[in-house]
Amino acid sequence: MSAELDRLAAEFEKFQVKIKQAERKFSGVVEMQDRIAELEAAVISPDRTVRVVAGPGGSIKDIQLTPDALRLPATTLSETIMSTLRAAVAEAVRRQADVVDETVGDAFGVGTTGMVRQAQAEAMGTEEDDHPSEQNPPPRPTPPRSRGRQDDDFSQDSVFG
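Conventions and cut-offs
- Residues numbered from 1 in each chain as written.
- Predicted model: local features only at pLDDT ≥ 70, side-chain atom pairs only at ≥ 80, totals over all residues.
- Heavy atoms only, no water.
- Pairing = 2+ DSSP bridges.
- Helix = DSSP H or I, 4+ residues; strand = E, 2+ residues; numbered from the N terminus.
- Axes fitted to C-alpha atoms, helices over the stretch in contact; angles between N-to-C directions.
- Salt bridge = Lys/Arg side-chain N within 4 Å of Asp/Glu carboxyl O.
- Buried < 20%, exposed > 50% of the residue type's maximum accessible area, 1.4 Å probe, protein only.
- Core = buried A, V, L, I, M, F, W, Y, C linked by side-chain atoms within 4.5 Å.
- Contact = heavy atoms within 4.5 Å.
- Expected span 1.5 Å × (residues − 1).
- Arc of directions from axis to C-beta.

Undergrad: Tell me about the sheet that holds strand β2 (residues 50-54), and name the residues and values.
TA: Within a beta sheet, neighbouring strands are joined by backbone hydrogen bonds and run either parallel or antiparallel to one another. The antiparallel open sheet is built from three strands, whose spatial order is β1-β2-β3. Unpaired on one side and paired on the other, β1 (41-44) and β3 (60-65) mark the two borders of the sheet. When the angles between neighbouring strand axes are averaged without regard to direction, this sheet yields 10°. As paired strands, β2 and β3 are joined by five bridges and run antiparallel to one another. Bridge assignment links A54 to a residue of β3, and that residue is I60.

Undergrad: Any chance you could break down the pattern of salt bridges for me, citing the residues and the numbers?
TA: Using the criterion set out here, one finds six salt bridges in the structure. Taking the shortest distance from any N to any O, the salt bridge between R35 and E102 comes out at 2.7 Å. Taken together, the residues span a long stretch of sequence, with R35 in helix α2 (residues 29-38) and E102 in helix α4 (residues 74-108) at a distance of 67 residues. The class for E102 is exposed, based on a relative accessible area of 54%. Among the salt bridges present, the one from R94 reaches E91, with a minimum N-O distance of 2.9 Å. Of this pair, R94 and E91 both sit in helix α4, three residues apart, which is roughly one turn of that helix. Each member of the pair, R94 as well as E91, carries the same accessibility label: buried. What emerges from the salt-bridge pattern is a single network uniting E91, R94 and R95.

Undergrad: Lay out unusual backbone geometry with the relevant residues and their values.
TA: Positive phi, normally seen in glycine, also occurs at R48, with a value near 65°. Relative to the helices and strands, R48 is located in the loop between β1 and β2.

Undergrad: Outline the nonpolar core, listing residues and values.
TA: When a protein is soluble and globular, its nonpolar side chains tend to lie buried together. Formed by 14 residues in total, the largest nonpolar core has its most connected members in V50, V52, L65 and L77. Elements represented by at least two residues in this core include exactly β1, β2, β3 and α4. Considering each element in turn, this core owes the most residues, five residues, to α4. Among residues more than four places away in sequence, those in contact with V52 are A41, A42, V43, I60, D62, I63, I81, T84, L85 and A88.

Undergrad: Explain the pairing of β1 to me, and be specific about the residues and the numbers.
TA: The alternating pattern of β1 places A41 and V43 on a buried face and A42 and I44 on a face that is not buried. In this sheet, β2 lies alongside β1 in antiparallel orientation, the contact comprising four bridges. Looking at β2, one finds that A42 is bridged to V53. Taking the residues that link successive antiparallel strands as the turn, the β1-β2 hairpin has five residues, and the phi of R48 there is positive, at about 65°.

Undergrad: Give a description of helix α5 (residues 112-124) that names residues and reports values.
TA: Between the first and last C-alpha of α5 there are 18 Å, a value that for 13 residues agrees with the 18 Å anticipated at 1.5 Å per step. Taken as a whole, α5 has its buried residues at T113, V116, Q120 and A121. Down the axis, α5 shows its buried residues gathered within 130° of arc, on one side only. Trailing α5 by a residue or two, G125 shows a phi angle of about 65°, which is positive.

Shown next as structure tokens:
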């Protein structure tokens, strides 16, 4: 009976070690959820007339238009809003994947960020590295200024009221 008891004790110790490993791996989940809940990605259109802020899961938090945006033809404005919206959502999803990878990626051996980038590249018909970095944004043309006003001040121009 002693051998059986020793075997059960050893199995129980292995089980406890696995529980402690799982606890360590998932200790950052609450912080991860908080970071994701606060996540925002703001993208400005190349012509600087539209700014979109996306949140977790690609939710849209804000859309802002400059006075110059309102002078664009409707189809041009619509296309600019949609492309900026897509870019903001894509960036928010990439940031969310980064947070997940930082927290639990090693625990599962899954590279969420890589999978998201690959899926986005396939969906958009681009290369994985084609997504601009916030540290090195592409140069953006400056629209003409009207009446000496700073038309790229989005602070009061939300379309959400």
